[in-house]
Amino acid sequence: MNIETYKPGSYPDLPPPSGTVGFYGWIKNNLFSSLSNSLLTLLSVTLLYFLIDGIVGWFFLDAVFDADSKIECRKIDNGACWAVVSRRIGQFVYGFYPEVERWRIDITFFAMFIAFAPLLYPDLPKRKFLLWFSGIFPILAYLLINGGYFGLSKIEYNLFGGFMLTVIIGITGIVCSLPIGIALALGRQSKLTVVRTLCVCFIEFMRGVPLITLLFVASSMLNYFMPPGTNFSILVRVIIMFTFFSAAYIAEVIRGGIQAIPQGQYEAAEALGLNYWQTTRFITLPQAMKISIPGIVNTFIGLYKDTTLVVVIGLLDPLGIARASMADTKWNGLSIEVYIFVALFFFVSCLAMSRYSLWLEKKLNTDHK
Amino acid sequence: MSFLNNIWRNEKSREIIIQIVVLICIGWFLSWLIMNVNANFKALGKDISFEFLFIPAGYDINQYLIDYNNRDSHLRAGIVGLLNTGLVAFFGIILATFLGVTIGIIRLSKNWLASKIAYWYVEFTRNVPILLHILLWHGIIINVLPHPKKAINIADVSFLSNRGFYIPKPLTENGIELVYLFFVIGIIFSILFLKYSKKKQDLIGVQYPVFWINLSVIICLPLIAFFVSGMPISLEIPVLKGFNFRGGMYMSPELAALTFALGIYTAAFIAEIVRAGILAVDKGQREAAESIGLRPSKVMNLVVLPQARRVIIPPLTSQYLNLTKNSSLAIAIGYMDLVATLGGISLNQTGREMETMVIVMLIYLCVSLSISALMNWYNNRVKLVGR
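Just so it is clear, the model here is predicted, and its values are computed rather than measured. (Residues numbered from 1 in each chain as written. Chains lettered and ligands numbered in written order. Predicted model: local features only at pLDDT ≥ 70, side-chain atom pairs only at ≥ 80, totals over all residues.)

## With respect to the overall build of chain B
No. 1: Counting its secondary structure elements, chain B contains twelve helices and eight strands.
No. 2: The burial tally for chain B puts 31% of its 387 residues in the buried class.
No. 3: Pairs at least 24 residues apart make up 67% of the contacts formed inside chain B by residues separated by at least 6 positions. (Helix = DSSP H or I, 4+ residues; strand = E, 2+ residues; numbered from the N terminus. Buried ≥ 20, exposed ≤ 12 C-beta atoms within 10 Å, placed from the backbone. Contact = placed C-beta atoms within 7 Å.)

In structure tokens form, the structure reads like this:
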């Protein structure tokens, strides 16, 4: 055996065969690696071609963005008639909130971002200071949106609508349901039989019935359970139902997180002499919450999407506005346009939420990989 | 004082005290609710009674599985609604499973383009509320499909129009029993053959093409019986009469929209579940199976899928349950399911909110609780026994 012949360096590595690297290599490996794979690629390309062709044409090229009625739209071009949306964009965003008062919604909306920033991004500079703002934001938002104090005129709840209503119900539900969900999850894991049974019953009931029946209860029956003469607004009743409903789901998610914590953690906590509340505060919840982030965010997204159900009990969320627009004889039959417009709004906001959860998960991930 | 202090410091007695306090609070709260209901009902002159179930409902339902007309009772209307819920859940589950599994597998495929398309399908579908899916599909069927007179004609037997879908209806005639009988025989044979071939494989290592033999037996036996007994099935073909079709099997636009929407929406979730389940199987399992020389199909069927199934089935069932619960949104497009009949029109006609809602909720609760009980049983059965 002649080792000398292969002295290191004198025979440099050959480049990889052309066709396995670079652009062509990538195409070959990822799109045409085998016969079935190539067929799949061709199929996908055809599908994409028709999709893009149809969508771009209908959405943009042949679409009409401003017209007075559907008939006029159709006269101009045969694509989508976005005029129904552009003419009523104010209603889609604010519902029937008085036009002169809409600045209040705008301010609240931007303040919401400032209030949520320190909660969502733990590394923010001046976080302590901003957290104070987050604390008072709910009061501020209530005062601004609802009015009735400081010279702001009072706005009736039944004028709320559009995306604003979605955001109000969604955010309030999300913020309120998290603590209740945590309490329920802890209750379900409790040693106390009575507490545990109560929590299990509540959770299973809420998870067992469709949300729509709960909303019917909120709209038609909840007043029976209150002392005679009490009458609180349908919006509040609906928010209560949403909160309870998603709290039950969050409880189940967090319970999964709690159960995933190794037994050794509890034993270590006990060995350190921590009591139940200390263990929960410093050992159980931080770990359980971290594990359950994806599930919790999914529940939030679910709640946010489910806010559309309020249209069934007559609130004017974006879908309610959409139906109202279609009932207008001028725009009769343009259901696809308005529904796609509303769908895009939900798509963007839900995608943002799920992307945030991915980011947070990555940030909190302390696995040694 | 120290005695009380001792009781509070003792863990056992403290637990009992807390529980008693909780019980008292809950009891007080419940009795407060009941008192309120009583007071409210007295003020309105209402009572609680379920007699309304037996008076004629007086409204029509356009899609029904059992005979129904508007002189039937509210109870029967409710049952028709319940069956309609079952019907749409059944179709929806089939569509969702088929689509979901396909998309989930495509997302894992090595083909970059196909997996990206599957990914965006999932993102688009599941980030849009289910109610919007339903309304959108309903809008498409109502506004885009042609009138019955210009219906899309599929081979002169099926018709798609904005009044619904009409497909031929199989009518059974005398002699059909033979076909059923042979179908049952085929199934019994295939179960026995499965056991036999398994035994044979354990004994001497022979493998029969069990799947193909069983499939052909189950299909061929009834088919032979069908021809032998003189073709006892005839098709009733829908025909255009006046403004709409008559005869055949009818799928209302609402049912079709609901099925598509529920199926497509749930498929996105199922795709994620299937993908996660397959990814959850340890890579070493697949590599080990390949290294002992199993063919790719065997690797999938004998090694990966049985292990993925354990991960997939529990969330899959809960998706089926979600689909069934989501079908209650049918009320938004006027499909007469349980919520729309009993909890919708019956409620409005009789004014008995309490009773109808209790019945509707109890039915849903029973279904979901029994399915979760079944799931717990399954989970315990397939659980890996830890050491």
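## A word on the overall build of chain A
No. 1: A tally of helices and strands in chain A yields 15 helices and zero strands.
No. 2: A globule of 369 residues ought to have a C-alpha radius of gyration of about 21 Å, yet chain A, at 28 Å, is considerably larger.
No. 3: If one aligns the C-alpha atoms of chain A with their principal axes, the spans along those axes are about 105 × 80 × 45 Å.
No. 4: Out of the 369 residues in chain A, the part that is buried amounts to 33%.
No. 5: Considering only contacts in chain A between residues 6 or more positions apart, those separated by 24 or more positions represent 63%. (Rg over C-alpha atoms; globule rule 2.2 N^0.38 Å.)

## What to know about the packing of helix 3 (residues 74-108) of chain B against helix 10 (residues 296-326) of chain B
All names here are of chain B.
No. 1: Remark: helix 3 packs on helix 10, axes separated minimally by 9 Å, with the N-to-C direction vectors making an angle of 135°. With respect to their mutual orientation, helix 3 and helix 10 come out oblique. The two elements helix 3 and helix 10 cross, and the hand of that crossing is right-handed. Across the interface between the two elements, Thr85, Ala89, Gly92, Ile93 and Ala96 of helix 3 pack against Tyr320, Leu323 and Thr324 of helix 10.
No. 2: Here the residues of the contact of helix 3 with helix 10 are counted per class, giving five nonpolar, three polar and no charged. (Axes fitted to C-alpha atoms, helices over the stretch in contact; angles between N-to-C directions. Parallel < 35°, antiparallel > 145°, perpendicular 65-115°, else oblique. Left-handed = near helix turned anticlockwise from the far one by under 90°. Nonpolar A, V, L, I, M, F, W, Y, C, P; charged D, E, K, R; others polar.)

## What about the confidence of the model for chain B?
Any segment with low pLDDT has predicted coordinates that should not be analysed in fine detail.
No. 1: Counting all residues, the mean pLDDT for chain B is 84, and 98% of those residues have values of 70 or more.
No. 2: The complex prediction reports pTM at 0.85, with the ipTM value standing at 0.85. (pLDDT = per-residue confidence, 0-100.)

## Digging into the sheet that holds strand 8 (residues 249-251) of chain B
Residue and element names in this part refer to chain B.
No. 1: The strand order across the open sheet built from four strands is 1-2-3-8, with neighbouring strands paired in antiparallel fashion. Lying at the two open borders of the sheet, with one neighbouring strand each, are strand 1 (152-154) and strand 8. Pairs of neighbouring strands in the sheet enclose a mean axial angle of 15°, with direction left out of account.
No. 2: The pairing of strand 1 with strand 2 (residues 158-161) spans three bridges and is classified as antiparallel. Within strand 2, the position partnered with Ile154 by the bridge is Ser158. (Pairing = 2+ DSSP bridges.)

## Comments concerning helix 11 (residues 338-350) of chain B
No. 1: Helix 11 of chain B sits mainly inside the fold: ten of its 13 residues count as buried.
No. 2: For helix 11 of chain B, the set of buried residues is Leu338(B), Val339(B), Ala340(B), Thr341(B), Leu342(B), Gly343(B), Gly344(B), Ile345(B), Ser346(B) and Leu347(B).
No. 3: Residues of helix 11 of chain B that are buried in the fold lie against helix 10 (211-221) of chain A together with helix 3 and helix 12 (353-382) of chain B.
No. 4: Looking one or two residues past helix 11 of chain B, Gly351(B) carries a phi angle of roughly 70°, positive in sign.

## Description of the interface of chain A and chain B
No. 1: Tallying the contact residues gives 48 residues for chain A and 47 residues for chain B.
No. 2: Those elements giving two or more residues to the side of chain A that touches chain B turn out to be helix 2 (35-61), helix 9 (193-208), helix 10, helix 13 (276-306) and helix 15 (335-364) of chain A.
No. 3: Tallying contributions element by element places helix 15 of chain A first for the side of chain A that touches chain B, with nine residues.

## What about the domain arrangement of chain B?
No. 1: Domain assignment breaks chain B into domain 1 (2-40) and domain 2 (74-145 + 253-382).
No. 2: Here the C-alpha centre of domain 2 of chain B lies 42 Å away from the C-alpha centre of domain 1 of chain B. (Domains from an automatic or database assignment.)

## Observations regarding the nonpolar core
No. 1: Leu215(A) and Ile134(B) are the most contacted members of the largest nonpolar core, which has 146 residues in total.
No. 2: Sort the elements by how many residues they give to this core and helix 8 (residues 253-280) of chain B lands first, with 16 residues.
No. 3: Setting aside chain neighbours within four positions, we find Ile134(B) in contact with Ala257(B), Leu258(B), Ala261(B), Leu329(B), Ala332(B) and Ile333(B). (Core = buried A, V, L, I, M, F, W, Y, C linked by C-beta atoms within 7 Å.)

## Things to note about the environment of Leu192(A)
No. 1: Looking at the secondary structure, you find Leu192(A) in the loop between helix 8 (162-188) and helix 9.
No. 2: Those residues in contact with Leu192(A) that lie beyond four places of it in its chain are Glu15(B), Ile18(B) and Gln19(B).

## Concerning the packing of helix 8 of chain A against helix 13 of chain A
Residue and element names in this part refer to chain A.
No. 1: The N-to-C vectors of helix 8 and helix 13 enclose an angle of 140°; their axes lie 11 Å apart at closest approach. For the element pair helix 8 / helix 13, the angle class is oblique. The handedness of the crossing between helix 8 and helix 13 comes out as right-handed. Taking contact as the criterion, the partners of Gly170, Gly173, Ile174 and Leu186 in helix 8 are, on helix 13, Thr280, Phe300, Leu303 and Tyr304.

## Here's the deal with the pairing of strand 3 (residues 164-167) of chain B
Side chains on a regular strand alternate between the two faces of the sheet.
Residue and element names in this part refer to chain B.
No. 1: Of the strand pairs in this sheet, strand 2 and strand 3 are connected by three bridges, and their pairing is antiparallel. Following the sheet pairing, Leu160 is matched in strand 3 by Phe165.
No. 2: Count of turn residues in the strand 2/strand 3 antiparallel hairpin: two residues.
No. 3: Across three bridges, the pairing between strand 3 and strand 8 is antiparallel. Counted as the bridge partner of Ile167 is Met249 from strand 8.

## Some remarks on the environment of Thr324(B)
No. 1: Locating Thr324(B) in the fold gives a position in helix 10.
No. 2: Expressed as a C-alpha distance, the spacing of Thr324(B) and Leu262(B), which sit 62 residues apart in the sequence, is 8.8 Å.

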